[in-house]
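A closer look at the structure
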4 protein chains.
Amino acid sequence: MPTTATLLMTCQDQKGLVQKISDFIYRRNGNILHADQHIDFGTGQFFSRVEWDLEAFGLAREKIGPEFSRLADSLGMQWELRFSDERTRIAIFVSRLDHCLVDLLHRHAIGELHADVVAIIGNHQLLRPVAEQRGIPYHVFPITAGNKRAQEEKELQLLDSLKVDLIVLARYMQILTQAFVSRYPNRIINIHHSFLPAFAGARPYVQAHARGVKLIGATSHYVTPVVDEGPIIEQDVVRISHRDTVDDLGRKGRDLERVVLARAVRLHLERRVLPYGNKTVVFD
Amino acid sequence: MPTTATLLMTCQDQKGLVQKISDFIYRRNGNILHADQHIDFGTGQFFSRVEWDLEAFGLAREKIGPEFSRLADSLGMQWELRFSDERTRIAIFVSRLDHCLVDLLHRHAIGELHADVVAIIGNHQLLRPVAEQRGIPYHVFPITAGNKRAQEEKELQLLDSLKVDLIVLARYMQILTQAFVSRYPNRIINIHHSFLPAFAGARPYVQAHARGVKLIGATSHYVTPVVDEGPIIEQDVVRISHRDTVDDLGRKGRDLERVVLARAVRLHLERRVLPYGNKTVVFD
Amino acid sequence: MPTTATLLMTCQDQKGLVQKISDFIYRRNGNILHADQHIDFGTGQFFSRVEWDLEAFGLAREKIGPEFSRLADSLGMQWELRFSDERTRIAIFVSRLDHCLVDLLHRHAIGELHADVVAIIGNHQLLRPVAEQRGIPYHVFPITAGNKRAQEEKELQLLDSLKVDLIVLARYMQILTQAFVSRYPNRIINIHHSFLPAFAGARPYVQAHARGVKLIGATSHYVTPVVDEGPIIEQDVVRISHRDTVDDLGRKGRDLERVVLARAVRLHLERRVLPYGNKTVVFD
Amino acid sequence: MPTTATLLMTCQDQKGLVQKISDFIYRRNGNILHADQHIDFGTGQFFSRVEWDLEAFGLAREKIGPEFSRLADSLGMQWELRFSDERTRIAIFVSRLDHCLVDLLHRHAIGELHADVVAIIGNHQLLRPVAEQRGIPYHVFPITAGNKRAQEEKELQLLDSLKVDLIVLARYMQILTQAFVSRYPNRIINIHHSFLPAFAGARPYVQAHARGVKLIGATSHYVTPVVDEGPIIEQDVVRISHRDTVDDLGRKGRDLERVVLARAVRLHLERRVLPYGNKTVVFD
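Residues numbered from 1 in each chain as written. Chains lettered and ligands numbered in written order. Predicted model: local features only at pLDDT ≥ 70, side-chain atom pairs only at ≥ 80, totals over all residues.

1. Quick notes on the packing of helix 3 (residues 99-109) of chain B against helix 8 (residues 246-269) of chain B
All names here are of chain B. Relative to each other, helix 3 and helix 8 sit at 45°, their axes nearing to 9 Å. Classified by the angle between their axes, helix 3 and helix 8 sit oblique to one another. Between helix 3 and helix 8 the crossing geometry is right-handed. Contacts between helix 3 and helix 8 involve H99, C100, D103, L104 and R107 from the first element and R254, E257, R258, L261, A262 and V265 from the second. For the contact of helix 3 with helix 8, the residue count by class is five nonpolar, one polar and five charged. (Axes fitted to C-alpha atoms, helices over the stretch in contact; angles between N-to-C directions. Helix = DSSP H or I, 4+ residues; strand = E, 2+ residues; numbered from the N terminus. Parallel < 35°, antiparallel > 145°, perpendicular 65-115°, else oblique. Left-handed = near helix turned anticlockwise from the far one by under 90°. Contact = placed C-beta atoms within 7 Å. Nonpolar A, V, L, I, M, F, W, Y, C, P; charged D, E, K, R; others polar.)

Here you go:
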């Protein structure tokens, strides 16, 4: 696989966007490997993801951003640039359940996730052995009603010192404060064990069992200050029946949670997700 | 296919239920073709569906119910008996959208539904030609804010005179009054075009599009006095993306609605559904 | 919806393709609404679909093709141009089963398919009433072992005289000769009632039942001279169990067949399918 | 959860089977918790799974089998009896890929699998660390063209000495000899990474990519002497597109393989699978 550059872009739709973006790359001798566009005709917003081969590209990589920003500014465009050999630095937050954590670390170990897991942060000691087996530092910040803001402050300092780019809540059972969330806009991914917006809040499998639904779901989304209301990245469902107890829902749901969270993390790492308002464009 | 009798039963769980039911059939020389049981361990409720061959059964069919009722009474059991050569009499309610109606009538025509469609009732004239193509009487009862109770009264008289057993709301856009619903407990099946409890109420595809979900659903349920809250019989989902407009959701959703409603109607006709509280046991 | 032009293109990958295509449109004042690209890195083949608004486009529509052909020739590109207000002319072939036919005609009636169904061709009289209800001419060409080539010749003359663009085999049970197929390359869509390549050939539901699979499928593909081996456009599956008889598989399968065929036809009509070799690129 | 006994039974269908089985349990004061029946009308074969509470059951557990065998013999019935507090002894066979192994061991660790994993057997050293992390003995038997029978003999001695009840091939890349397979009839579960019978044999993802299918699958089945032809326990599929490389198929497929294999193992452990001929009855 060659080293590539990826641009994620959004702006008001206008004539010539595809031409101008591709022209920027072509005139510098770049070969586009993937290009995807979307226009939301309701709002007139343009979205694009373009990935090109850096081999023989006529611009040093540190100059690509500054150069592109001139074009972007002229189009009123927001954009993000990423090189395929940069590794996103991830911190995973956990509580007591380990299935998502074990799954993410296994995917990381076999090379599925192009990222570095630089810290695992728990509000309990329980999952320390899982982290240590993989040789990843485990940090405990117990949360009580009284100390949440203070503990979050310490977590933020740690994340800062580790230059963390992405936080993954792998069945982390604490609600982050608005102050925390606002420091990582669209860079905290949560897995909620329901088909949102159904069964938001606590104990969704108990809710699903009580309602008698015939399918249960899992939803991965960016965390925003309003719980379970952030932009959805990925969802999936599995069939259940009257024979399934709440425990069975938990078991079937774990399989969903792992896959749905892992897909969302991967899509984010490959810069395939563009959040806008409360929704996402996913170029998969 | 032989003519069969089917018993749907529910009572408090107690020792010997399967034995007593099967003994009732075996001692009268019946051969059980299908038998399914379920116990809800939370509530201690027992549910069963048993179907047996009437050939050589040692009891005339009109005597089976009275005889079984003695056993059932001793067990505190609620039950329903149905013979496979009896045809359920269905009335289908429609408004302007024809896809569920066309689908149900086609299934009926090719022999998928062991039932008679004895009336199609619309609140508009629009779908009369669909009914007439199939040779089924079409009745129009326009509904306004002021006349609903009066029109429903006429509908009930018609349903009564036609000995209707089951009402299917095939994208019927009016909300039935509590008085109407209470006349057909667990005998009105609705299709709601969302994955309930998500997006209950009006315009679920618009709601789904606004929320940015990655799957849309359809739910078939028995109608109870509280809108969209009745026992769910069947649900299914289909994947959507940011590229899908509300119209696309409608198109993809139509395919779901047809199949989910048809499955629910079929399950009901074959007496595979046992509602209890706000849930269902589905012996499929 | 504005009137649009769509270009489907494929050629050997080379630098500047996206730039040159978008430049062709931009310099003539066209606004790109959708653009999708794909490169098969195994073969180095480039594929693209671009759709733009014709409003204010600086080239009369009859001149777009000739003008674009100059660019295309210089790139060694194969291409197809289609205007959104042109309606594809479809002939549907049927035998005895009507579910796919009824479904396609219903979709056509409610505006899902932007096409004209100009003929229904059967090898039996059986489905004539379905055609006549919709007011579509029905032609019967009974096929025997001895007359197939002669009958096909008549069919081809009819299709020719009707300027048919697309043939849909809606559970047509005859195998077309190589001579017939070669006249409509990648313009004959078939529905096969299995998850190809499993259960190719005759009676796939009987085969699936005998093998004891837990899911059955349906496959829509372009017809090539080798039966059931053409490029696959769309597939889907549904779960079955040991309780399902071959008849149950038929019933569940019908729901699949209808949806899978309809999706494939729609994808083709919107020029979202690019066949290459024995595969397809589907820009959905 | 109470301790339970489970009977898996099959015989030629005849009148009174359900009555006689339930009577056997009821007269000894047993309370049936689950009962499921199936009749294959094609072959006239009867299948049943009955599970009852041992609390207050009027027969010591070692006497249940001998007592039931008298009834079973009179009915020409094959049967298997299992108590819920008995733990199946599993050996897992692996080669180089660890995703199914890691998954099974994690499920075991969190209590999903009511079994003991008593050995992990590899034909390479590679996965020894995975076994050792979980504290499970790892045995290596390298296989060459020349030594297979001899190595299998040693494996069989080991399995014998460990009283292994069930062998799980967790992406084990060697084909077992007929001699080995015949020692564990319907007690070796394999995961094949295709939707069988499609893409049997080697490199199914390469085959699937070459054919251009739109879904890929995984199949879990009992191993029989004919490769990839044993009775299927569970299957599932996931959607792919033209964008997916063979590596992407591998990645998506791994998620399928893990879940499909784990479901099959669980169904077997709970004695929910009745193989017959080349098929299975699965009471889930």
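Continuing now.
2. Re the nonpolar core
By size, the foremost hydrophobic cluster in this structure holds 320 residues, and its most contacted members are A:A170, B:A170, C:A170 and D:A170. Residues within four places of D:A170 in sequence aside, it is in contact with D:I92, D:F93, D:V94, D:C100, D:L101, D:L104, D:I191 and D:L261. (Core = buried A, V, L, I, M, F, W, Y, C linked by C-beta atoms within 7 Å. Buried ≥ 20, exposed ≤ 12 C-beta atoms within 10 Å, placed from the backbone.)

3. With respect to the relation of the copies chain C and chain B
If you rotate chain C by 180° and push it 0.0 Å along the axis, it lands on chain B with an RMSD of 0.0 Å. The symmetry that links the two subunits is that of a two-fold axis. A shared interface surface links the copies, since 100% of the contact residues of chain C are contact residues in chain B too. (Least-squares fit on C-alpha atoms with pLDDT ≥ 70 in both.)

4. Focus: the interface of chain C and chain B
Residue-level contacts link nine residues of chain C with nine residues of chain B. Mapped by element, the contributors of at least two residues to the side of chain C that touches chain B are helix 3 (99-109) and helix 8 (246-269) of chain C. Of the residues that constitute the side of chain C that touches chain B, the class distribution is three nonpolar, three polar and three charged.

5. Thoughts on the domain arrangement of chain A
Residues and elements named next belong to chain A. Domain boundaries in chain A define domain 1 (4-83) and domain 2 (88-282). One C-alpha centre belongs to domain 1, the other to domain 2, and the line joining them spans 31 Å. Each partner contributes residues to the interface: domain 1 has nine residues there, and domain 2 has five residues. Those elements that provide at least two residues to the side of domain 1 that touches domain 2 are strand 1 (4-12), strand 3 (45-53) and strand 4 (78-83). Residues belonging to the side of domain 1 that touches domain 2 are distributed by class as follows: two nonpolar, four polar and three charged. (Domains from an automatic or database assignment.)

6. As for the interface of chain B and chain A
Contact with chain B, which involves 22 residues of that partner, is made by 22 residues of chain A. Breaking the side of chain B that touches chain A down by element, the ones donating at least two residues are strand 11 (232-239) and strand 13 (279-282) of chain B. Here the side of chain B that touches chain A is built from residues that sort into 10 nonpolar, seven polar and five charged.

7. Some words on the sheet that holds strand 8 (residues 166-169) of chain A
All names here are of chain A. A sheet is described by the order of its strands in space; here seven strands give the open sequence 7-6-5-8-9-10-11, paired in mixed fashion. In this open sheet, the two edge strands, each paired with only one partner strand, are strand 7 (138-140) and strand 11 (232-239). The average angle at which neighbouring strand axes cross in this sheet is 20°, direction not considered. Bridge analysis of strand 5 (residues 88-94) against strand 6 (residues 115-122) gives seven bridges, and the strand direction is parallel. Looking across to strand 6, one finds that I92 is bridged to I120. (Pairing = 2+ DSSP bridges.)

8. Section: helix 1 (residues 17-26) of chain C
Within helix 1 of chain C, eight of the 10 residues are buried, leaving the element largely enclosed by the surrounding structure. Among all positions of helix 1 of chain C, only C:L17, C:V18, C:Q19, C:I21, C:S22, C:F24, C:I25 and C:Y26 are buried.

9. What to know about the relation of the copies chain B and chain A
Rotating chain B by 180° about the axis while translating it 0.0 Å along that axis superimposes it on chain A, leaving an RMSD of 0.0 Å. Mapped onto chain A, 100% of the interface residues of chain B again fall at the interface, so both copies present the same surface.

10. Observations concerning the confidence of the model for chain A
Residues with a pLDDT of 70 or more make up 100% of chain A, whose mean pLDDT is 96. Under the prediction, the complex receives an ipTM of 0.95, its pTM being 0.97. (pLDDT = per-residue confidence, 0-100.)

11. Structural notes on the environment of D:S48
All names here are of chain D. By the secondary structure assignment, S48 is in strand 3 (residues 45-53). The class of S48 is buried, set by 24 C-beta atoms lying within 10 Å. Between the C-alpha atom of S48 and that of P185, which follows or precedes it by 137 residues, the distance is 20 Å. Setting aside its immediate chain neighbours within four residues, S48 contacts M9, I21, D36 and Q37.

12. Digging into the environment of D:G122
Residues and elements named next belong to chain D. Summarising the element assignment, G122 is placed in strand 6 (residues 115-122). For G122 and Q174, which are 52 residues apart along the polypeptide, the C-alpha to C-alpha distance reads 10 Å. In this structure, G122 is in contact with V94, S95, L127, Y138 and V140, ignoring residues within four places of it in sequence.

13. So, helix 5 (residues 148-161) of chain A
Residue and element names in this part refer to chain A. Under the 1.5 Å per step criterion, the end-to-end length of helix 5 is 20 Å for 14 residues, consistent within 8% with the ideal 20 Å. Considered for burial, the residues of helix 5 that qualify are E152, E155 and L159. One side of helix 5 carries all its buried residues, which in axial view fall inside an arc of 60°. Exposed side of helix 5, more than 90 degrees from the buried face: A150, K154, Q157, D160 and S161 are the residues found there. Elements in contact with the buried residues of helix 5: strand 5, strand 6 and helix 6 (178-181). With its phi angle positive at about 55°, K163 sits one or two positions after the end of helix 5. (Expected span 1.5 Å × (residues − 1). Arc of directions from axis to C-beta.)

14. Focus: unusual backbone geometry
Cis geometry marks the peptide bond from A:L196 to A:P197; its omega dihedral reads 10°. Of note, C:R203 is a non-glycine position whose phi angle comes to about 50°, a positive value. Structurally, C:R203 is set in the loop between strand 9 (188-192) and helix 7 (204-211). A tally of 13 C-beta atoms within 10 Å means that C:R203 is categorised as partly exposed. In this structure, D:R271 is a non-glycine residue whose phi angle is positive, near 55°. Assessed through the 18 C-beta atoms surrounding it within 10 Å, D:R271 is described here as partly exposed.

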